[in-house]
Amino acid sequence: MSNDPTPGSNTANSLWGGRFGAGPSAIMQEINASIGVDKRLWRQDIQGSRAHVAMLAKQGIVSAEDAAAIDKGLQQIAAEYADGKLVENLALEDIHLHVETRLKEIIGPAAGRLHTARSRNDQVAVDFRLWVKAACAEADAALKGLITALLTRAEEHADTIMPGFTHLQVAQPVTLGHHLMAYVEMLSRDRGRFADAQRRMDECPLGAAALAGTSFPIDRQMTAKALGFAGGPTRNSLDSVSDRDFALEYLSATHMTGLHLSRLAEEMIIWASQPFGFITLPDAWSTGSSIMPQKRNPDAAELVRAKAGAFLGAYTRLSTVMKGLPLAYSKDMQDDKVTVFAAHDDLGLCLASMTGMVGTVTFNKAKMRAAANSGFSTATDLADWLVRVANVPFREAHEITGHCVKAAEAKGTDLNGLTDAELAAIDKRITKKVRDVLSVEASVASRTSFGGTAPANVRAAITAARAKL
């Protein structure tokens with residue numbers, strides 16, 4: 001059956017579909033309205049409006065009576081919205097018009113004075129900055145929670161031996177505590193990125209108006225201070241209404257955090273697999289299979305891993321929106337909140353999930369130690385011992401160690417399983433004192449250089465990290 005409208009009927013163009021009975025005007029309303037997304041800014045919108053009207057009253061731009069009525073009405077709207085009484089209306093487009101329309105219903109024509117010396121351009125800019133500033137603080141608090149969980153487990157396993165990998169091949173033994181502390185370093189840098197972004201966005205765009213400032217004698221320092229912007233007001237009205245660097249920096253920090261969470265999630269997925277068996281994830285962070293009753297799937301970790309792509313996508317999407325925009329404001333920028341809000345929600349879920357997994361996962365110390373002892377992981381220790389004790393040039397020591405590995409492999413043992421005589425037969429400079437470095441315990445204990453895996457180093461790193469928190 002054809003989808004074309006009947007000739008002569010009032011049905012809309014088939015490309016628009018039957019939903020839009022009024023034709024293009026209804027489609028325009030649908031694409032233009034942002035209330036379904038920016039309703040999350042109601043707190044910031046009312047906060048900004050209250051600061052703005054207080055300044056207008058102080059400057060004598062509106063009367064004290066009108067300002068008091070406006071402020072009281074805004075507080076009533078805040079209480080209504082907190083109770084879930086925000087009624088979305090596409091005709092009102094966005095949260096700013098919703099608030100203003102409701103204010104007029106409450107106090108009458110005086111509501112129209114609120115928008116004096118202000119535009120929706122600087123209004124949304126200040127609302128969104130306030131929201132993203134708070135989102136940065138939220139991310140920092142969640143990162144602190146995950147770091148704290150990692151520090152607790154790292155301290156618990158400062159002496160637990162596990163294999164260190166390169167190319168996912170057993171390389172050298174390390175401690176589990178040291179491995180977990182690597183993520184503390186990554187996440188600490190993520191905290192720094194959010195803090196740095198927050199510092200840079202700490203300027204108030206309110207008062208820039210549409211793009212050129214205003215002829216009213218406003219006090220931008222007053223509104224910046226009232227809204228908690230430590231950097232004062234922004235310095236260029238064009239940039240004030242067209243800047244979304246703060247949103248991009250938030251998304252960039254979110255993306256980097258997502259990368260680190262994804263790496264940790266990937267390791268948990270690998271470690272939970274039967275060939276590794278390093279960990280057991282509790283039921284709370286696992287799911288079963290619809291057909292295989294023996295399965296325990298690390299779905300929470302897998303979903304965290306997947307979100308790294310979403311964070312990159314959010315950053316790329318907003319970057320693409322902003323890359324070609326002339327000054328000052330363009331409607332394209334309305335798309336900014338879609339990406340930021342989604343990334344914020346996903347980040348909160350990922351950080352909470354990973355904190356829960358880190359705090360409750362069971363580590364199989366015996367399996368980890370056995371794996372650390374495989375793959376001739378103390379070969380580098382033997383080469384280093386030849387250099388340090390026997391004064392052998394490293395390249396020669398490397399070759400001698402290779403012969404030892406070959407002999408152990410032929411015998412079906414590890415390096416420590418070769419007898420003193422077998423080692424001496426390969427090179428007479430290898431004495432029984434080499435036993436001091438050939439066990440995995442001796443290997444990790446010897447790595448005392450700053451940042452190394454020795455248990456004492458791990459405990460010192462934990463103490464330092466807790467002090468930074």
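Heads up: the structure comes first, above all this text.
About the cut-offs
- Residues numbered from 1 in each chain as written.
- Predicted model: local features only at pLDDT ≥ 70, side-chain atom pairs only at ≥ 80, totals over all residues.
- Heavy atoms only, no water.
- Helix = DSSP H or I, 4+ residues; strand = E, 2+ residues; numbered from the N terminus.
- Buried < 20%, exposed > 50% of the residue type's maximum accessible area, 1.4 Å probe, protein only.
- Contact = heavy atoms within 4.5 Å.
- Areas by Shrake-Rupley, 256 points an atom, 1.4 Å probe, with all protein chains shown as cover.
- Lys, Arg positive; Asp, Glu negative; His and termini not counted.
- Charge placed at Lys NZ, Arg CZ, Asp CG, Glu CD.
- Phe/Tyr/Trp six-rings, centres within 6.5 Å; stacked < 30°, edge-to-face > 60°.
- Lys NZ or Arg CZ within 6 Å of the ring centre and 35° of its normal.
- 1 Å grid on protein atoms, 1.4 Å probe; cavity = no way out; pocket = protein on both sides within 12 Å on 5 of 7 lines; lining within 4 Å.
- Points joined across faces, edges and corners; volume = space filled by probe spheres on them.
- Axes fitted to C-alpha atoms, helices over the stretch in contact; angles between N-to-C directions.
- Parallel < 35°, antiparallel > 145°, perpendicular 65-115°, else oblique.
- Left-handed = near helix turned anticlockwise from the far one by under 90°.
- Nonpolar A, V, L, I, M, F, W, Y, C, P; charged D, E, K, R; others polar.
- Expected span 1.5 Å × (residues − 1).
- Arc of directions from axis to C-beta.
- Pairing = 2+ DSSP bridges.

Asks: Can you walk me through the overall build of the chain in this structure?
Replies: Each helix and strand in the chain was counted, giving 19 helices and four strands. Along the first, second and third principal axes, the C-alpha set of the chain runs to 100 × 65 × 40 Å. Relative to its 469 residues, the chain shows a buried fraction of 46%. In the chain, 74% of the contacts between residues at least 6 apart in sequence involve partners at least 24 apart. Surface exposure of the chain reaches about 22,700 Å², of which carbon and sulfur atoms provide 55%. Taken as two groups, the 51 positive and 52 negative side-chain charges of the chain have centres that lie 4 Å from each other.

Asks: Any chance you could explain the packing of aromatic side chains here in plain terms?
Replies: Geometrically, a pair of aromatic rings is defined through the distance of the ring centres and the angle of the planes. Tallied over the full model, the rule gives eight aromatic pairs. Relative to Phe-341, the ring of Phe-128 has its centre 6.2 Å away and its plane inclined at 90°; by these criteria the two rings are edge-to-face. Separated by 213 residues along the polypeptide, Phe-128 in helix α6 (residues 120–156) and Phe-341 in helix α12 (residues 336–360) bring together distant segments of the chain. A relative accessible area of 0% places Phe-128 in the buried class. Ring geometry for Phe-276 against Phe-278: centres 5.2 Å apart, planes inclined by 80°, an arrangement best described as edge-to-face. When its relative accessible area of 2% is taken as the criterion, Phe-278 is described as buried. Every member of this aromatic cluster is reached through a ring pair, and the members are Phe-128, Trp-131, Phe-246 and Phe-341. The residue whose ring lies beneath Lys-337 is Phe-128, and the NZ or CZ to ring-centre distance is 5.2 Å.

Asks: When you look at empty space enclosed by the protein in this model, what are you seeing that I'm missing?
Replies: The probe, sized like a water molecule, is rolled over the atoms to show the empty space still left. Scanning the entire structure with this criterion turns up one cavity of 30 Å³ or more. Lining the largest cavity, in full, are Asn-373, Phe-376, Ser-377, Thr-378, Asp-414, Leu-415 and Leu-438.

Asks: Sorry, what's going on with the packing of α6 against helix α7 (residues 176–200) here?
Replies: The description of two packed helices rests on the angle between their axes and on the distance between the axes. Direction vectors running N to C along α6 and α7 enclose 165°, while the axes themselves pass 9 Å from each other. Considering the angle they form, α6 stands roughly antiparallel to α7. The way α6 lies across α7 gives a crossing that is left-handed. Residue classes in the contact of α6 with α7 are distributed as 15 nonpolar, three polar and eight charged.

Asks: Help me understand helix α15 (residues 394–411), please; the structure alone is not making it clear to me.
Replies: Residue pairs three or four apart in sequence face the same way in an α-helix, which turns once every 3.6 residues. Over its 18 residues, α15 extends 25 Å from the first C-alpha to the last, a length consistent with the 26 Å expected when each residue adds 1.5 Å. Among all positions in α15, only Ala-397, Ile-400, Thr-401, Cys-404, Val-405 and Ala-408 are buried. End-on, the buried residues of α15 take up no more than an arc of 150°, which puts them together on one face. Facing away from the buried side of α15, by more than 90 degrees, are the exposed residues Arg-395, Glu-399, Lys-406, Glu-409 and Ala-410. The inward-facing, buried residues of α15 abut α14 (379–390) and α16 (420–426). Trailing α15 by a residue or two, Gly-412 shows a phi angle of about 75°, which is positive.

Asks: Would you explain the pairing of strand β2 (residues 169–175) in this entry?
Replies: Looking along a regular strand, one sees the side chains alternate between the two faces of the sheet. Where strand β1 (residues 161–166) meets β2, six bridges bridge the pair, whose relative direction is antiparallel. Pairing of Phe-165 across the sheet is with Val-170, part of β2. Where β1 folds back on β2, the antiparallel hairpin that results is connected by two residues, among which His-167 adopts a positive phi of roughly 60°.

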